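# Structure at a glance
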Amino acid sequence: MKIHTPLIRLTKAQIIRQGLQLGVDYALTSSCYDPDPEGRPYGECDSYLLRAKGFAEAGVKDPLYVRFEMV
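Predicted, not measured: the structure shown is a model, and the values here were computed from it.

## Brief notes about the layout of surface pockets
- Reported here for the largest pocket is a volume of approximately 180 Å³.
- Lining the largest pocket are K12, I15, I16, Y26, T29, S31, S47, L50, R51 and F55.
- Only helix 1 (12-21) and helix 2 (46-58) provide two or more residues apiece to the lining of the largest pocket.
- Counting residues per element, the lining of the largest pocket draws most heavily on helix 2, at four residues.
- Its residues assigned to classes, the lining of the largest pocket shows five nonpolar, three polar and two charged.

## Overview of the environment of V24
- Inspection of the secondary structure puts V24 in the loop between helix 1 and helix 2.
- Ignoring any residue separated from it by four or fewer positions in sequence, one finds V24 in contact with G19 and T29.

## Overview of the packing of helix 1 against helix 2
- Where helix 1 contacts helix 2, the two axes come as close as 8 Å, and the packing angle between them is 70°. Considering their axes alone, helix 1 and helix 2 lie roughly perpendicular with respect to each other. Contacts between helix 1 and helix 2 involve K12, A13, I16 and R17 from the former and L50, R51, G54, F55, E57 and A58 from the latter.
- For the contact of helix 1 with helix 2, the per-class residue count stands at five nonpolar, one polar and four charged.

## Side note on the side chain of S47
- Tracing the chain through its elements places S47 in helix 2.
- Residue classification places S47 among the buried positions, given a relative accessible area of 15%.
- Among residues more than four places away in sequence, those in contact with S47 are S31, C32 and Y33.

## Regarding the pattern of salt bridges
- One pass over the full model with this rule turns up three salt bridges.
- In this structure, the salt-bridge partner of D36 is R40, at a minimum N-O distance of 3.6 Å.
- In this structure D36 comes out as partly exposed when scored by relative accessible area, which is 27%.
- D62 is the salt-bridge partner of R51, the closest N and O atoms lying 2.5 Å from each other. Here D62 lies in the loop between helix 2 and helix 3 (63-67) and R51 lies in helix 2, a separation of eleven residues in the sequence. Note on accessibility: R51 and D62 belong to one class, buried.

Thresholds applied
Residues numbered from 1 in each chain as written. Predicted model: local features only at pLDDT ≥ 70, side-chain atom pairs only at ≥ 80, totals over all residues. Heavy atoms only, no water. 1 Å grid on protein atoms, 1.4 Å probe; cavity = no way out; pocket = protein on both sides within 12 Å on 5 of 7 lines; lining within 4 Å. Points joined across faces, edges and corners; volume = space filled by probe spheres on them. Helix = DSSP H or I, 4+ residues; strand = E, 2+ residues; numbered from the N terminus. Nonpolar A, V, L, I, M, F, W, Y, C, P; charged D, E, K, R; others polar. Contact = heavy atoms within 4.5 Å. Axes fitted to C-alpha atoms, helices over the stretch in contact; angles between N-to-C directions. Parallel < 35°, antiparallel > 145°, perpendicular 65-115°, else oblique. Buried < 20%, exposed > 50% of the residue type's maximum accessible area, 1.4 Å probe, protein only. Salt bridge = Lys/Arg side-chain N within 4 Å of Asp/Glu carboxyl O.

Structure (structure tokens):
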């Protein structure tokens, strides 16, 4: 058995940049553990903070947070 983990050695910023190059629409993704019914992240979980840090380090506004006017 072989397990492929192509993102394991990348930082969050590198993953975000690669996703953007591939055309990922980050406005349709969420990292929140408990979003509201519309998909708005509540903004306090570790996953939210890691995502926010990754976008900041990539120098890109997170489209999900722009969508919900959280920026």
